[in-house]
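Per-entry structural report
The primary structure of each chain is shown beneath.
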Amino acid sequence: MSFPYQIKSVDQYKAAYDKSVNDPEGFWGEIASSFYWRKKWDKVLEWDFKKPTIKWFAGGKLNITENCLDRHLNTLGNTPAIIWESNDPEEPNRVLTYRELHAKVVQFANVLKNNGVQKGDRVCIYMGMVPELAIAVLACARIGAIHSVVFGGFSAQSISDRLQDAKAEFVVTCDGGFRGNKEIPLKSVIDDALVQCHFVKRVIVLTRTRTQVSMIEGRDVWWEEEIRKVEAQGNPDCVAEEMDAEDMLFILYTSGSTGKPKGVVHTCGGYMVYTNYSFVNVFQYQPGDVHFCTADIGWITGHSYIVYGPLSAGATSLMFEGIPTWPNAGRFWDIVDKYKVNVLYTAPTAIRSLMGFGLDPVKGHSLDSVKVLGTVGEPINEEAWHWYDEQIGKKKCPIVDTWWQTETGGILISNLAGVTPAKPAHATLPLPGVQPLLVDENGKEVTGNSVSGNLCIKFPWPGMLRTTYGDHERCRVNYFATYENLYFTGDGCLRDENGNYRITGRVDDVLNVSGHRIGTAEVENAINMHAGVVESAVVGYPHDIKGQGIYAFVIYQGTHGDDALARQDITKTVSKIIGAIAKPDKIQFVSGLPKTRSGKIMRRILRKIAEGEIDKLGDTTTLLDPSVVDEIAKGRL
Ligand code: 6R9
């Protein structure tokens, strides 16, 4: 494949940027022309951020899987599309060429059809990182069903909330999954989730761990048996469903500042163009490159840079089932050498955790296939950036610090590997087509350089969210109502003397724990489910490895006076309600919470206490009971 829109110099970057601002429709129309459309669009862009309505390539007809699979068959049929490395280093790997992946997607698409799945139906996918997860995702896209992948670490309650919100009648799962030395139950968690979801008609279960699971007659079927049925039908083709550019491709739930996760909706045409465009430019993809994105497909990074971006570019995408520290902290480096990985894309939290093991696990690895390193998910501190640069990149690989969000679909701010300059801990410059700006609290634009503000985007890009599933008003209020005519990211940001952006973190009540977004309200709701809890308040605090840790202040009236036991119980409750990723790192029992006279919890004060900045609490005179602050500060963990 050739990519006429791949930017190869700073001058080209500047020219592309200018064109994208002066003639956005021309700019994106040209890029979109490189894809396979059943019918060309009538209009490149229609938009109004007030409503919001955003339509890219309206009237265009396509199927994203024809772009990720079919169009590569003649040229790349024998090229590996997915290389899969098991959690267990002793288990043989799996390689699926584009031809094989295409065949498997067609086959599973027919399984979905045989099980009654139709265009527009929502399919919840709750699996570990096995190739069948990517196959299930693509099979949904093939028949126009809307996938909603739920990360394998979420609890039954979280799944049930998502199933109900999406009104998903179909579930694809595994018996269990492997992660490090743990076996994760998946089907049994689905069983618990479905107690509250009688509308689910069918559960398709892939065998992975061979753990005992209960299969409910009439509802649950085995993946393998369903495949055999399709084989018995003579493996019919499954012609890709013709989709409108603006038809929904998927829903992915993410945390916001309210208690309930939002179903971010992405559509077929724009998401396809944007993930491919950003993949090709940010990582400077060259044909034959092996791309190793260490994220889980349960998050947006996996959707865009394990599945859709790389596959639409004809790349080889490496999928890893396990974790960086198992069986030892050299696992990533083993994989890099084993498959001659060219691009490694991971999260700062993984880098910091591996740094903690020293250099021994890196020794004995050549790592000389690596050309580009990437980070995503949270701000990267300079120490981790330099370690990555020196120890992994041997100071010869550009590092791309890629800023983006579930809602943005793809990378918006990043240097382009080896093309535009990197700066430690800075995402640097927007991709052509992306128009960021900073605003102050009053919504006034902050102009010039060496300034800070809240990060907004003033013009649409093809990969942006279109709505939040089932509740468009929520989308408007969350993203488009804070500042008029702007998309508000929820992030704070600095712009340095040269115009480089440095994202500093969320300015709303969303935490970023090990690169995962978690709403404080969500954690509070979960803690409050514990019978002994009267009230709670959750804030973030700096954590060496996770970036942010979860600090919970809890008013507790349990029956036993054993704090350690009470903490354990509360932690269990949070795991049960949300999942292990939301477990508080610290739980401090308090007799009261700092509240304003109108009853609002003053999180600002709690945040300062959690951060250990007790001398910087600011004005506490407006509090209902200022004395509670002293007590809390004294009891700080
Ligand atoms: C892709 C992804 C989005 C939030 C985002 C921001 C933080 C992501 C970052 C970064 C600093 C980077 N974030 N990349 N902060 N530098 N390079 O992570 O999506 O899970 O929705 O999280 O992550 O705070 O708002 P998502």
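Quick caveat: nothing in here was measured; it's all calculated off a predicted structure.

1. What about the site of the ligand?
Neighbouring the ligand are 17 residues; Asp401, Thr406, Asp491, Arg506 and Arg517 lie closest to it. Between glutamine 405 and the ligand, the recorded distance is 2.9 Å, taken from a side-chain N or O atom to an oxygen atom. Between the ligand and arginine 517 there is a distance of 2.8 Å, counted from an oxygen atom to a side-chain nitrogen or oxygen. Going through the elements one at a time, helix H11 (300-312), strand S20 (399-402) and strand S26 (501-506) are the ones with two or more residues in the shell around the ligand. Of the residues in the shell around the ligand, the class split is six nonpolar, six polar and five charged.

2. Structural notes on the UniProt feature "domain: Acetyl-coenzyme A synthetase N-terminal" (unreviewed entry) in the protein
The UniProt record annotates "domain: Acetyl-coenzyme A synthetase N-terminal" (unreviewed entry) at residues 13-68. With 43% helix and 25% strand, the stretch residues 13-68 has end C-alpha atoms that lie 26 Å from each other.

3. Some remarks on the sheet that holds S26
What the five strands build is an open sheet, ordered S22-S21-S23-S25-S26; its pairing is antiparallel. Strand pairing shows two members of the sheet lacking a second neighbour, strand S22 (445-446) and S26, which therefore form its edges. Of the pairings in the sheet, the one linking strand S23 (residues 451-457) to strand S25 (residues 487-495) comprises six bridges and is antiparallel in character. Each residue of the ladder has a partner; that of serine 452, found in S25, is leucine 494.

4. A closer look at the packing of aromatic side chains
Going through the model one piece at a time under the given rule, you end up with 40 aromatic pairs. With a centroid separation of 5.9 Å and an interplanar angle of 50°, the aromatic rings of phenylalanine 279 and phenylalanine 283 are classed as tilted. Exposure remark for phenylalanine 279: the relative accessible area of 1% places this residue in the buried category. For phenylalanine 283, a relative accessible area of 1% translates into the label buried. For the ring pair phenylalanine 292 and phenylalanine 320, a centre distance of 6.4 Å and an interplane angle of 75° mean the geometry is edge-to-face. Here phenylalanine 320 lies in strand S17 (residues 316-320) and phenylalanine 292 lies in strand S16 (residues 290-293), a separation of 28 residues in the sequence. Residues phenylalanine 292 and phenylalanine 320 agree in their burial class; the two are buried. When the ring centre of tryptophan 84 is taken as origin, the NZ or CZ atom of arginine 94, which lies over that ring, is 5.9 Å away.

Calculation notes
- Residues numbered from 1 in each chain as written.
- Predicted model: local features only at pLDDT ≥ 70, side-chain atom pairs only at ≥ 80, totals over all residues.
- Heavy atoms only, no water.
- Near = heavy atom within 4 Å.
- Polar contact = N/O pair within 3.5 Å; in protein donor to acceptor, adjacent residues only side chain to side chain.
- Helix = DSSP H or I, 4+ residues; strand = E, 2+ residues; numbered from the N terminus.
- Nonpolar A, V, L, I, M, F, W, Y, C, P; charged D, E, K, R; others polar.
- UniProt positions renumbered as here; feature names shortened; annotations may be inferred.
- Pairing = 2+ DSSP bridges.
- Phe/Tyr/Trp six-rings, centres within 6.5 Å; stacked < 30°, edge-to-face > 60°.
- Buried < 20%, exposed > 50% of the residue type's maximum accessible area, 1.4 Å probe, protein only.
- Lys NZ or Arg CZ within 6 Å of the ring centre and 35° of its normal.

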